[in-house]
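# Structure assessment
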Amino acid sequence: MKKLLYVMLATLLAGSAFADSIKERQEIFKQYKPVVGNMGKMVKGEKPYNKDEFAKLASELEALSQKPWQHFPAGSNKGKTEAKPEIWSKPTEWQQAIDNHKAATAKLKQVSANGDLAAIKVQFGATQKTCKACHDSFRQKD
Ligand code: HEC
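A brief structural summary. (Residues numbered from 1 in each chain as written. Predicted model: local features only at pLDDT ≥ 70, side-chain atom pairs only at ≥ 80, totals over all residues. Heavy atoms only, no water.)

## Notes on the overall build of the protein chain
For the record, the criterion: Secondary structure is summarised from DSSP: a helix means a run of H or I of at least four residues, a strand means a run of E of at least two, and numbering begins at the N terminus for each. The globule rule is 2.2 Å times the number of residues to the power 0.38, and the radius of gyration it is compared with is taken over C-alpha atoms. Throughout, exposure labels follow a simple rule: accessible area from a 1.4 Å probe, protein chains only, divided by the maximum for the residue type, with under 20% read as buried, over 50% as exposed, and the rest as partly exposed. Here, residues are in contact when the closest pair of their heavy atoms is within 4.5 Å.
A tally of helices and strands in the protein chain yields five helices and zero strands. Its C-alpha radius of gyration of 19 Å places the protein chain more than 25% over the 14 Å reference for a compact globule of 142 residues. The 142 residues of the protein chain split such that 30% are buried. The long-range fraction of contacts in the protein chain, counting pairs at least 24 apart against all pairs at least 6 apart in sequence, stands at 70%.

This is how it looks when you write it as structure tokens:
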């Protein structure tokens, strides 16, 4: 009986540890949304392009692109999460998707500083592709 209780407690603790990681990474991804959304509006001309504002957003995105990955402990695809088990069964591909994303956001930040909207558009598109590529392989669709 005691043993069973320990097992149950251990399971519970493991579950809550994952719940924290899951929440943290989802919070970070939620911050991506307004940043990418505002950049998208300027790129599409729904909002006047402002060099400084865009550069600031690109800087924020580059900073965000460093953050989610430490919150993916092995096996944390259980619970309220859209993370696929492939994150841990294909670690090389996962790391490649992260690296591609980081490289794209770093370049976007660099290009944004020049204020060349045509070049920015190209690099913004390339950056968004790295989101989609990773989601296609590693995020569950509902
Ligand atoms: C290397 C992989 C990867 C990249 C790159 C990536 N994502 Fe994600 N994203 C994920 C995974 C995995 C989840 C699911 C997280 C979970 O539910 O635990 C997710 C979830 C999200 C969510 C949902 C968060 C929520 O409310 O639960 C949003 C929004 C999101 N990503 C936006 C983006 C945007 C925008 C980009 C690009 C600028 C991006 N992501 C790049 C892997 C990635």
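Right, picking up where we left off after that structure.
## Looking at the coordination of the iron atom of the ligand
Operational definition: Note that water is not among the atoms considered, so a metal site may appear incomplete; the donors listed are N, O and S atoms within 2.8 Å of the metal, with 3.2 Å applied to Na, K and Ca.
You will see that the iron atom of the ligand has only one donor from the protein, His-135 (NE2), lying 2.0 Å away. Note on placement: His-135 falls in helix α5 (residues 117–138).

## Digging into the packing of aromatic side chains
The condition is simple: Stacked, tilted and edge-to-face are the three classes assigned to paired rings of Phe, Tyr and Trp, where Trp is represented by its six-membered ring and a pair needs centres within 6.5 Å; plane angles under 30 degrees give stacked, over 60 edge-to-face, the rest tilted.
Under the defined criterion, the tally for this structure stands at eight aromatic pairs. Each member of the aromatic cluster is reached from another via a ring pair, and the members are Phe-29, Tyr-32, Trp-69, Phe-72, Trp-94 and Phe-138.

## So, the site of the ligand
Just so we agree on the cut-off: Definition of nearness: a residue and a molecule or strand are near each other if at least one heavy atom of the residue lies within 4 Å of the molecule or strand. The definition of a polar contact used here is a pair of N or O atoms within 3.5 Å, where within protein one atom must be able to donate a hydrogen and the other to accept one, and adjacent residues in sequence count solely through side-chain atom pairs. Lining residues are defined by having an atom within 4 Å of a point belonging to a cavity or pocket. Those points lie on a 1 Å grid over the protein atoms alone, cavities being sets where a 1.4 Å probe fits but cannot get out and pockets being open sets with protein on both sides within 12 Å along at least five of seven lines. Molecules are considered to sit inside a cavity or pocket once more than half of their atoms lie within 2 Å of its grid points.
With respect to spatial proximity, 23 residues lie near the ligand, and among them Arg-25, Thr-81, Cys-131, Cys-134 and His-135 are the closest. Between Arg-25 and the ligand, the recorded distance is 2.8 Å, taken from a side-chain N or O atom to an oxygen atom. Within the side chain of Thr-81, a nitrogen or oxygen atom sits 2.6 Å from an oxygen atom of the ligand. The pocket occupied by the ligand, as judged from atoms lying within 2 Å of grid points, is the largest pocket. When contributions to the shell around the ligand are tallied by element, the ones reaching two or more residues are α1 (2–44), α4 (91–114) and α5. The element that contributes the greatest number of residues to the shell around the ligand is α1, accounting for seven residues.

## Considering the layout of surface pockets
Short version of the rule: Grid points are joined across faces, edges and corners, and a volume is the space filled by probe spheres set on the points. When residues are grouped by polarity, Ala, Val, Leu, Ile, Met, Phe, Trp, Tyr, Cys and Pro land in nonpolar, Asp, Glu, Lys and Arg in charged, and all others, Gly among them, in polar.
When its volume is computed, the largest pocket comes out at roughly 640 Å³. Mapped by element, the contributors of at least two residues to the lining of the largest pocket are α1, α4 and α5. When residues of the lining of the largest pocket are assigned to their parent elements, the largest contribution, seven residues, is made by α1. Taken together, the residues that form the lining of the largest pocket break down as 13 nonpolar, six polar and five charged.

## Describing α5
One full turn of an α-helix is made of 3.6 residues, so residues set three or four places apart face in the same direction. The following threshold applies: One less than the residue count of a helix, multiplied by 1.5 Å, gives the span that helix is expected to have. This arc is taken over the directions from the axis of the helix to the C-beta atoms.
For α5, built from 22 residues, the straight-helix expectation of 32 Å at 1.5 Å per residue is met to within 8% by its first-to-last C-alpha distance of 31 Å. All of the buried residues along α5 are Ile-120, Gln-123, Phe-124, Thr-127, Thr-130, Cys-134 and Phe-138. Summarising the axial view, the buried residues of α5 lie within an arc of 110 degrees, below the 170-degree limit, and thus occupy one face. In α5, the exposed positions angled more than 90 degrees off the buried face are occupied by Ala-118, Val-122, Lys-129 and Lys-132. Where α5 begins, the capping side chain belongs to Asp-116, and its oxygen is found 3.2 Å from the backbone nitrogen of Ala-118.

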